[in-house]
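Each chain, letter by letter, is given below.
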Amino acid sequence: MTFRFLHRRFSVGRWLLLLLLVAMASILLPGSSRHARAQPPPLLALYPWQTTELAYTWDEPLFENKGYVRNDGKSFHLFWYDSYGRFRVSRASQSPTFGYRMLTIDTGTNSPLLPTQLTDNRMVLGWHLFRIGHWDVGAIVGAGYDGNSPFDQTNAVYGVGHIQFSRSIDRYDRVALTVDYSGFHSLLPDTPLPGFAFEHDSPGLHFKIGFPRDSINWKPLYHLDLSARYTVPYSGMAQVSYTLFHRVSVYGLYRNYFEGFHIRTNFPRNQRLFFEMDRAEIGLRYAHGSLIDISLGLGYAFNQNFSRGYDVRSLQPVASISNQPYVVFLLRGEF
């Protein structure tokens, strides 16, 4: 337990150091052309719309074959489908926006240690409430379900709430103060957490520094894009992409997932099953306007572990999965 906690602390420090180094480099070496801003993370229904589109979707199926559970030798064939997006009522700048996230994990195993399927579905509504002086006030409300027996476990239903106060400092900078209630969160899921962010958005560079999310997108060269993001406690991504020629680019990334689920088992009622996975991946992306944006990647999954506990502060190992190669697709769309 102590070693695992220290390992997690090192993992968090690693992400913070990465973001700090990239941010410092971005400030010292600003890009020369307009960056391609990363699309909004799941459920940020208050995130500004960049064009006149009414909807944005992001779908990622991943296939991992011929793995096994290290604890008992049972086979493990992972199918992971992660889908999120948002859509708004009208093209007005302050139109109410709906956001959703649907995650399905099929483990393809008959190991008694693990469920055969896990799911997390959530829907939220975000809108601009009013303006006080120089501050804009917005809110998000919603609900979701995370479990292994769809909509058959009352303790797997959770609420989502978010209130945000934001104001512009100048043409490129803005600040935000937030309060989040996320019943699905891996840290203190029953406690509203305060947050803050400083956001910079200039040609070739966009970054956000704060809590519980940090991100950066930097375009140092016309054909080169660098991006990273981190969400407390242990989810993050770092990616580099290079445009080979018109509409086609190559990318490489490292990503860490950490998800929690309520399952029907002999766990105490307030405990969840957590799944963690690290991914190293390379691939090709083809983008033709906003309607066709497809990526195909090959990668290697490692540190695949299941654990149980109330949240990340009190985890106990359940099962470990073998390291395996995988193939992944990514479909993006704006409509």
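Residues numbered from 1 in each chain as written. Predicted model: local features only at pLDDT ≥ 70, side-chain atom pairs only at ≥ 80, totals over all residues. Heavy atoms only, no water.

Trainee: Honestly, the overall build of the protein in this entry has me stumped. Any pointers?
Mentor: Each helix and strand in the protein was counted, giving one helix and 17 strands. Taken over 335 residues, the protein has a buried fraction of 49%. Within the protein, residue pairs in contact and separated by at least 24 positions form 56% of the contacts whose partners lie at least 6 positions apart. Accessible surface, the protein as shown: approximately 16,300 Å² in total, 64% of it carbon and sulfur. (Helix = DSSP H or I, 4+ residues; strand = E, 2+ residues; numbered from the N terminus. Buried < 20%, exposed > 50% of the residue type's maximum accessible area, 1.4 Å probe, protein only. Contact = heavy atoms within 4.5 Å. Areas by Shrake-Rupley, 256 points an atom, 1.4 Å probe, with all protein chains shown as cover.)

Trainee: Please explain the side chain of Asp311 as it appears in this structure.
Mentor: Its location among the elements puts Asp311 in the loop between β15 (292–309) and β16 (316–321). A relative accessible area of 0% places Asp311 in the buried class. A distance of 3.1 Å separates the side chain of Asp311 from the backbone nitrogen of Leu188, its partner in a polar contact. Within the local environment of Asp311, its side chain forms a polar contact with the side chain of Arg313, the two groups lying 2.9 Å apart. Apart from the residues lying within four places of it in its own chain, the contact partners of Asp311 are Ser186, Leu187, Leu188, Pro189, Arg272 and Phe274. (Polar contact = N/O pair within 3.5 Å; in protein donor to acceptor, adjacent residues only side chain to side chain.)

Trainee: How should the packing of aromatic side chains be read in this particular structure?
Mentor: Any two aromatic rings considered together are summarised by their centre-to-centre distance and by the angle between their planes. Using the criterion set out here, one finds 14 aromatic pairs in the structure. Ring geometry for Phe63 versus Phe329: centroids 6.3 Å apart, planes at 80°, classification edge-to-face. Linking Phe63 in strand β1 (residues 55–68) with Phe329 in strand β17 (residues 324–334), this pair joins segments that are 266 residues apart in sequence. A residue is classified by how much of its surface remains accessible, and Phe63, at 36% relative accessible area, is partly exposed. When the ring of Trp80 is compared with that of Phe275, the centres are 6.3 Å apart and the planes differ by 50°; the resulting orientation is tilted. (Phe/Tyr/Trp six-rings, centres within 6.5 Å; stacked < 30°, edge-to-face > 60°.)

Trainee: Hey, could you run me through the pairing of strand β12 (residues 235–245) in this one?
Mentor: Consecutive side chains along a regular strand alternate between the two faces of the sheet. As paired strands, strand β11 (residues 224–231) and β12 are joined by eight bridges and run antiparallel to one another. Note on β12: the bridge partner recorded for Leu226 is Val240. Taking the residues between adjacent antiparallel strands as the criterion, β11 and β12 are bridged by three residues. When β12 meets strand β13 (residues 248–261), the two strands line up antiparallel, connected through nine bridges. Paired with Gln239 across the two strands is Leu253, which belongs to β13. Counting the residues that bridge the hairpin from β12 to β13 gives two residues, and of these Arg247 lies at a positive phi of roughly 80°. (Pairing = 2+ DSSP bridges.)

Trainee: Would you mind going over unusual backbone geometry with me for this structure?
Mentor: A negative phi angle characterises most non-glycine residues, just as the trans form characterises most peptide bonds. The omega torsion of the bond from Phe211 to Pro212 falls at 10°, within 30 degrees of zero and hence cis. Of note, Pro212 is situated in the loop between β9 (205–211) and β10 (213–221). For the bond running from Val232 to Pro233, omega is 5°, close enough to zero to count as cis. In this structure, Pro233 sits in the loop between β11 and β12. With phi around 60°, Lys66 is a residue other than glycine that occupies positive phi space. One can find Lys66 in strand β1. You can call Lys66 exposed: its relative accessible area is 66%. Non-glycine residue Arg247 carries a positive phi angle of around 80°. One can find Arg247 in the loop between β12 and β13. Residue class for Arg247 comes out partly exposed when judged on its relative accessible area of 36%.

Trainee: Explain the nonpolar core to me, please; I cannot follow it from the model alone.
Mentor: Soluble globular proteins tend to pack their nonpolar side chains together in the buried interior. Trp80, Ile105, Leu114 and Phe306 are the most contacted members of the largest nonpolar core, which totals 23 residues. Elements represented by at least two residues in this core include exactly β2 (75–88), β3 (97–106), β13, β14 (272–288), β15, β16 and β17. Contacts of Phe306, omitting those with residues within four sequence positions, involve Phe76, Thr107, Leu114, Leu118, Leu273, Phe274, Phe275, Pro317, Val318, Ala319 and Ile321. (Core = buried A, V, L, I, M, F, W, Y, C linked by side-chain atoms within 4.5 Å.)

Don't take any of this as a statement about function, it's just geometry.
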